[in-house]
Amino acid sequence: MNEYQIVALVSVVGWLILVGSSLSIRQVSRGQALRYALIWGAIILGLFMLFGWLQPS
């Protein structure tokens, strides 16, 4: 794991924390929160994979 992957991983965790705190403030139901979390997780994972693919070897 190189320094770019570590930075990307830290940013993914940070984004997930921000999304989680936003959902708790909005007081959505558990089912809807789980759905939002899965959607955001898929988006962030997709971005993580895209940046990994675009990064020169």
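Predicted model, so just to flag it, every value in this text is computed and none were measured.

(A) View of the overall build of the protein. Within the protein, the secondary structure is distributed over two helices and zero strands. A compact globule built from 57 residues should have a C-alpha radius of gyration of about 10 Å, whereas the protein, at 13 Å, is more than 25% larger. The principal-axis extent of the C-alpha atoms belonging to the protein is close to 45 × 15 × 15 Å. Within the protein, the fraction of its 57 residues that count as buried is 9%. Approximately 4900 Å² of the protein is accessible, and the part contributed by carbon and sulfur atoms is 70%.

(B) Here's a closer look at the environment of Gln5. On the secondary structure map, Gln5 appears in helix H1 (residues 3-26). Linking Gln5 and Trp53, residues 48 residues apart in sequence, is a C-alpha distance of 11 Å. If we ignore the near neighbours within four places in the chain, the residues touching Gln5 are Phe48 and Gln55.

(C) Quick look at the environment of Leu54. Mapped onto the elements of the fold, Leu54 is located in helix H2 (residues 30-54). When the C-alpha positions of Leu54 and Ala37 are compared, they lie 25 Å apart, and in sequence the two are 17 residues distant.

Here is what the cut-offs are and how they apply
Residues numbered from 1 in each chain as written. Predicted model: local features only at pLDDT ≥ 70, side-chain atom pairs only at ≥ 80, totals over all residues. Heavy atoms only, no water. Helix = DSSP H or I, 4+ residues; strand = E, 2+ residues; numbered from the N terminus. Rg over C-alpha atoms; globule rule 2.2 N^0.38 Å. Buried < 20%, exposed > 50% of the residue type's maximum accessible area, 1.4 Å probe, protein only. Areas by Shrake-Rupley, 256 points an atom, 1.4 Å probe, with all protein chains shown as cover. Contact = heavy atoms within 4.5 Å.

Everything listed here is a matter of coordinates, which is why it stays silent on function.
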